[in-house]
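These are the residues of each chain, in order.
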Amino acid sequence: MTMTSEAATRVSNSASVHLEAISKSIGGTRILAGVDLDVNAGEFVTLLGPSGSGKTSTLMAIAGFVTPDSGRITVRGRDVTVLPPGRERDMGIVFQNYALFPHMTVAENVAYPLKVRRLPRREIETRVADVLKLVQLDALADRKPARLSGGQQQRVALARALVFEPSVLLMDEPMGALDVRLKEELQLELRRLQKEIGATVIYVTHDQNEAMLMSDRVALMRDGQIEQYGPGQELYRHPRSLFAARFLGDSNLLKGMVRDGWLDVGGLRIALPTGTLAATGERQAALLRPETLTVREGATGALMSEDGACLYGTVRDAAFVGQAMRYEIDVPGLPEPLLVHQVACAAHAQLAIGMPAQITWDRDDIHLIALGDQDE
Amino acid sequence: MSTKPISSPWLAGYAWVLLALLLIPLIALVPISFGDSATMSALPDKLSLRWYREVLGGQEWRNAFSWSLLTTSVATLLATSVGYLAAYAIVHSRTRFKAILEILMLMPMMVPTVIVAFSTYILATWMPANATWLMIAIGQALLALPVATLIMAASLRGIDPTILRAAVSLGGQRAQVFRMVTLPIAMHGILSAAALSFLIAFDELLIAVFLTKPGLETLPVRIYDSVTYELTPAIAVVSVFLMGLISLAMIAGALIRRFVAAAASNPASR
Amino acid sequence: MSSASAIPAGLRARRSVADLQWLSVAVILLFLGATFLAPLFEVLALSLTDADGTFSLAQFRELADSSSLRPVLLQTTITALEVTLACIVIGYPAAIYLSRLEGWKASLTSVAILFPFLTSSLVRTFVFIVLLGRNGVLNNALVWLGVPGAPFKLLFNQTGVVIGMTYVLLPYMLLSLIGTMRKIDGTLLDAARSMGASRARVFWTVYLPLSLPGVAAGAIITTILGFGYFVTPALMGGPGEKMIAQMVEQRIVTLYDLPGAAAISVVMLTIVLMAYAAAARWLGLSRLMRPQG
């Protein structure tokens, strides 16, 4: 979608949002357990997490539909914790099912927040026309929502949430009901649009790819708390917990104990990344992302290499998944097979099931996660 | 999401009061039925079973009840069986035909009751005099037919056609498929339709008023005459009895629903 | 080998379904035709004959000339509309709350509505005669409260008929309203609030328009039922105040004037069918006929 930047509304009043220790219990169940989050003006932040992690509840607390038991929410420094949703709170919301008014046309839906603000009719018309052009729905202005496709409905919802230039735009899994192709297209569109108009967006999803694709920063949630908050790349490369490592992308986690500058994983010696300061006796897990591993045919019976960045095993499963080969390699001494994603190209010879395999990596691609007492 | 823009404690209070007002008059019939004198009061000075004895011992009320039971039973049977065929045809037929059939079936409900009663009266004039009770039953069946059809059509619509196709492809004969597949699934709808048909037919007044004659008087006609000419607590006794019947029907309905739900969630039990 | 087994199973199944359809249709047409359509046609024919049994429009001419039909028709229409309006005004606010209930409260609601709904209209009318009488509970309460003018005459007049019919027809309205309101998506209201609409505005611009189909369906049911109602007006109405169904009843039972009854029936039927046609254009017939509750 090309942006008609002349008409583009620039959200001039996009605001920063801060959450401090937001807690909420419903019927004795703690759904939010002290959520801290800061979002800069014009930033795209995604709340990511499995269902029940509290991401939608957090969004609804920001929207004002859930009143926290304790904690503080400020928008541009102003406390809005107990402010009801509405003009004062000034937030545009795209609901999961879009919540388009079925008895109004596209244009009437989009005009609704402006009519509520009693703007002059002429101004309403111009602004509705502008924002519909922005989301490329100007041709469908007189349709009822029931006669739109899912993607079009989503864009109407977006236009309606943008048209009154709210200080913050909240989106609750807006791609959930769309098919994969359309989803990818709209994700990029939304990202571009957000950058263009400079809106502050807080976005909820359970889809890690979507989160990483779109956001400046991702807040990974678990059990009503934020597990880790940072740019997607940081979360992916340097997860602070096994949960974070497992939730974002595929992972190989080798748990062991640091011994004399090596990680001892059930007798296998793994070299630590250069410059690591880890004392002997610490329990650590080495995260090896499947795509950082290289696999080739190995010598039968080989066990260990000297440099600690190489393992030997047997191909347990090999599958072609399009852009890559997906291998599972049984390594003696490891409880689970190692997962390897290797780009399918001429440089890599394909291995068959049952073949001996050698897996190598760059020791600096390893990320260490300190294991707590609970981690098995 | 917790905000409910359209609600207030006033609304809630008002709604509960209205529901109470719907029920209280009917509940008030119970004390009235236990009155002792001929005048009626919701708070009788002295409780007695006088009017219960009067009604249960009176030949007139007993006859009226017997006639009602007879006509209503026949009407229920007719409405349920014809309604089932209609529901089946409506659910499985193609578009234009279906619309005509639907309107035809619904006509007795759309036309004012007094006109259905009139046409039944005409029908009775074509028939021998000793078939009058049957004509009452047919008229009652006509009034119950639309509701019965709608209910059974709704439950037949709930049957996945692939199940029927599967049953036929497994070699089931038509009658077998009906008995072993369609009927059990549609049973809930059939029972509801029968229960409602019974209540509608039992409540029917005008047809019976038009066709009534000495020795043939249904319960509603008896009540109607009694309200018009006597107005005694005997009517309250009959009303309490009728409400007991409805309570039983509603409890049975709830039990059946629960049973069907349990059976549906546990297919092995079928 | 029978010829049937030569046909593929799928085709045979389809044919057997078609056979059964035709059989059903034949049975239905036979039943409805003999018991309902033929007598109804006879009613139509009766209305078009004079005393000698020859074709004439005398019945209708007489109805048009006489002063009897027009005031009754007017009275009946007014009563039906009054009752409908009362049902909307009384039922709508309650339905808003009742439609949002869940669990045991929702069950209690449906019992509280369905029980009167299923109870004989004779019984419901009878109890109102008892309660609204000069010495009935209501008037006694009003006198006790010192309401000026009490006891009121609430029985055997137009007031009594409207009160009684409203009580009898209110469950239809409630079921229709609750059925429609239940389907209103709560997030639409949240969305409107988040965009800055006041509570009142959310109601007028979102909730009310979305609930109107239920109001319309309920209004059509109560108006048409009210128009043809017999029991309550007959038992609670005054001697002078007749509704149109009573006119038909009187001509059949008391006066034995079948052509006259037929002519009034035809007038009634025409009005009702016209009302249905208008409603069907407006709402769609299928929507009108959905069983409620």
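Calculation criteria
For every chain, the first residue of its written sequence is number 1, and the numbers climb from 1 along that sequence. Here every chain gets a letter starting at A, and every ligand a number starting at 1, in the order they are written. Per-residue local features of the predicted model are confined to residues with pLDDT of at least 70, and side-chain atom pairs are confined, for both listing and counting, to 80 or more; whole-chain, interface and lining totals are unaffected and use all residues. Excluding hydrogens and water, the side-chain figures rest on all heavy atoms present in the structure. Runs of E in the DSSP output that reach at least two residues are strands. Runs of H or I that reach at least four are helices, and both are numbered from the N terminus. Burial classification: accessible surface area is computed with a 1.4 Å probe over protein chains only, and a residue below 20% of its type maximum counts as buried, one above 50% as exposed, and the rest as partly exposed. The contact rule is simple, with two residues in contact once any of their heavy atoms fall within 4.5 Å. Methods summary: accessible areas were calculated by the Shrake-Rupley approach with a probe of 1.4 Å, and residue burial reflects only the protein chains presented. The axes are straight lines fitted to the C-alpha atoms, using for helices just the contacting stretch, and the angles between their N-to-C directions are given from 0 to 180°. Note on terminology: angles under 35 degrees are roughly parallel, angles over 145 are roughly antiparallel, angles of 65 to 115 are roughly perpendicular, and the others are oblique. Put simply, a crossing is left-handed when the front helix is turned counterclockwise from the back one by less than a right angle, and right-handed when it is turned clockwise. Each residue is assigned to one class: nonpolar for Ala, Val, Leu, Ile, Met, Phe, Trp, Tyr, Cys and Pro, charged for Asp, Glu, Lys and Arg, and polar for all the others, Gly among them. The source of the domain bounds is an automatic or database domain assignment. The term buried area refers to how much accessible surface (probe radius 1.4 Å) is lost by two components on association, counted for both of them together. Following DSSP output, two strands are said to pair if at least two bridges run between them. Geometry of aromatic contacts follows a simple scheme: Phe, Tyr and Trp rings, the Trp one being its six-membered ring, pair when their centres are within 6.5 Å, and the pair is stacked under 30 degrees between planes, edge-to-face over 60, tilted otherwise. Like-charged residues are merged into a patch within 9 Å and nonpolar side chains (Val, Leu, Ile, Met, Phe, Trp, Tyr) within 5 Å, provided each residue has over 30% relative accessible area and no salt bridge. Only one rule defines a salt bridge in this text: a Lys or Arg side-chain nitrogen within 4 Å of an Asp or Glu carboxyl oxygen. Two N or O atoms count as a polar contact when they lie within 3.5 Å, although within protein this holds only if one can serve as hydrogen donor and the other as acceptor, and sequence-adjacent residues are included solely when both atoms are side-chain atoms. Multiply 1.5 Å by the residue count of a helix minus one, and that product is the helix's expected span. What is called the bend at a residue is the angle between a pair of axes, fitted to the seven residues leading up to and ending at it and to the seven starting from it.

Just to check I follow, could you spell out the overall build of chain C for this structure?
Scanning chain C from terminus to terminus reveals 13 helices and 0 strands. Along its sequence from the N terminus, chain C presents helices and strands in the succession α-α-α-α-α-α-α-α-α-α-α-α-α. Counting across all 293 residues of chain C, residues that qualify as buried make up 52%. Sequence separation of at least 24 residues holds for 70% of the intrachain contacts in chain C that already meet a minimum separation of 6. By element, 68% of the accessible surface of chain C is carried by carbon and sulfur atoms, the whole surface being about 13,200 Å².

I keep staring at the packing of helix α1 (residues 9-33) of chain B against helix α7 (residues 158-182) of chain C and nothing clicks. Help me out?
Relative placement of two packed helices is described by the angle separating their axes and the distance separating the axes. At a closest axis distance of 11 Å, the pairing of α1 of chain B and α7 of chain C adopts a crossing angle of 140 degrees. By the criterion of interaxial angle, the relationship of α1 of chain B to α7 of chain C is oblique. Of the two possible hands of crossing, α1 of chain B and α7 of chain C adopt the one that is left-handed. Residue-level inspection shows Leu18, Leu21, Leu22, Pro25 and Leu26 of chain B of α1 of chain B in contact with α7 of chain C, the latter providing Tyr167, Leu170 and Leu174 of chain C. Class assignment of the residues belonging to the contact of α1 of chain B with α7 of chain C gives a composition of 8 nonpolar, no polar and no charged.

Explain the domain arrangement of chain C to me, please; I cannot follow it from the model alone.
Size of an interface: often given as the accessible area lost when the parts come together. Residue and element names in this part refer to chain C. When its domains are assigned, chain C resolves into domain 1 (1-47) and domain 2 (66-288). If you average the C-alpha positions of domain 1 and of domain 2, the two centres end up 38 Å apart. With 4 residues of domain 1 at the contact, the number on the domain 2 side is 6 residues. Here domain 1 packs against domain 2, burying approximately 410 Å² in sum over the two surfaces, 89% of which is carbon and sulfur. Of all residues in domain 1, the largest losses of buried area upon contact with domain 2 belong to Val43, Leu46 and Ser47, amounting jointly to 81% of the total for that side.

Looking at this structure, how should I read the pairing of strand β10 (residues 225-230) of chain A?
For a regular strand, side chains alternate in direction, first toward one face of the sheet and then toward the other. Residue and element names in this part refer to chain A. Pairing of strand β9 (residues 217-222) with β10, which is carried by 5 bridges, proceeds in the antiparallel orientation. Within the sheet, the bridge partner assigned to Val218 lies in β10 and is Gly230. Between β9 and β10, which pair antiparallel one after the other, the connecting turn spans 2 residues, and Asp223 there sits at a positive phi close to 50 degrees.

Explanation requested: the pairing of strand β3 (residues 44-48) of chain A in the structure shown.
Residue and element names in this part refer to chain A. Buried residues dominate β3, accounting for 5 of its 5 residues. Neither face of β3 is open: one carries Phe44, Thr46 and Leu48, the other Val45 and Leu47, and all of them are buried. Summarising the sheet, β3 and strand β8 (residues 201-205) pair through 5 bridges and their orientation is parallel. By the bridge assignment for β8, Leu48 is matched with Thr205. Bridging between β3 and β9 involves 4 bridges; their strand directions are parallel.

Explain the packing of aromatic side chains to me, please; I cannot follow it from the model alone.
Two numbers describe a pair of aromatic rings. These are the distance of the centres and the angle of the planes. This model, assessed by the stated rule, comprises 16 aromatic pairs over all chains. Ring geometry for Phe44 of chain A and Tyr203 of chain A: centres 5.5 Å apart, planes at 40 degrees, overall tilted. Of this pair, Phe44 of chain A sits in strand β3 while Tyr203 of chain A sits in strand β8, and the two are 159 residues apart along the sequence. Residue Tyr203 of chain A is classed as buried on the basis of its relative accessible area of 0%. Relative to Tyr52 of chain B, the ring of Phe34 of chain B lies with its centre 5.0 Å away and its plane at 25 degrees, an arrangement referred to as stacked. Of this pair, Phe34 of chain B sits in the loop between α1 and α2 (50-57) while Tyr52 of chain B sits in helix α2, and the two are 18 residues apart along the sequence. Given a relative accessible area of 17%, Tyr52 of chain B falls into the buried group. An aromatic cluster is present here, built from Phe65, Phe198, Phe202 and Phe241 of chain B joined pairwise through their rings.

Would you mind showing me how to read a nonpolar patch on the surface here?
Residues and elements named next belong to chain C. Taken together, the side chains of Trp144, Leu145, Val147 and Phe152 make up a nonpolar region of the molecular surface, amounting to roughly 460 Å² of accessible area. Among the structural elements, Val147 can be located in the loop between α6 (137-144) and α7. Since its relative accessible area comes to 30%, Val147 is described here as partly exposed.

Just checking my understanding: could you explain the side chain of Gln152 of chain A for this structure?
Residue and element names in this part refer to chain A. With respect to the helices and strands, Gln152 occurs in helix α4 (residues 150-162). At a separation of 2.9 Å, a polar atom in the side chain of Gln152 contacts the main-chain amide nitrogen of Ser149. With sequence-adjacent residues up to four places away left out, Gln152 is seen in contact with Leu137 and Leu140.

Could you clarify how one ought to interpret the sheet that holds strand β5 (residues 78-79) of chain A in this entry?
Strand pairing within a sheet occurs via backbone hydrogen bonds; the two strands may be parallel or antiparallel. Residues and elements named next belong to chain A. Strand order in this open sheet of 4 strands is β2-β1-β4-β5, and the pairing throughout is antiparallel. Edge positions in the sheet fall to β2 (29-39) and β5, since each of these pairs with one other strand and no more. In this sheet, β5 lies alongside strand β4 (residues 70-75) in antiparallel orientation, the contact comprising 2 bridges. Along β5, the bridge assignment pairs Val75 with Arg78. Packed onto the sheet, helix α1 (residues 55-63) meets β1 (17-26), β2 and β4 and runs at close to 65 degrees relative to β2.

So what exactly am I meant to see when it comes to unusual backbone geometry here?
Note: most peptide bonds trans; most residues except glycine with negative phi. Of note in this structure, Leu231 of chain B is not a glycine but carries a positive phi near 50 degrees. Position of Leu231 of chain B among the secondary structure elements: in the loop between α10 (219-229) and α11 (233-265).

Explanation requested: helix α6 (residues 132-157) of chain B in the structure shown.
Because an α-helix packs 3.6 residues into every turn, residues spaced three or four apart end up facing the same way. Residue and element names in this part refer to chain B. Under the 1.5 Å per step criterion, the end-to-end length of α6 is 37 Å for 26 residues, consistent within 8% with the ideal 38 Å. At Ala144, α6 shows its maximal kink, close to 40 degrees; a proline, Pro146, follows between one and four residues later. Counting buried residues in α6 gives 21 out of 26 residues, a clear majority hidden from the surface.

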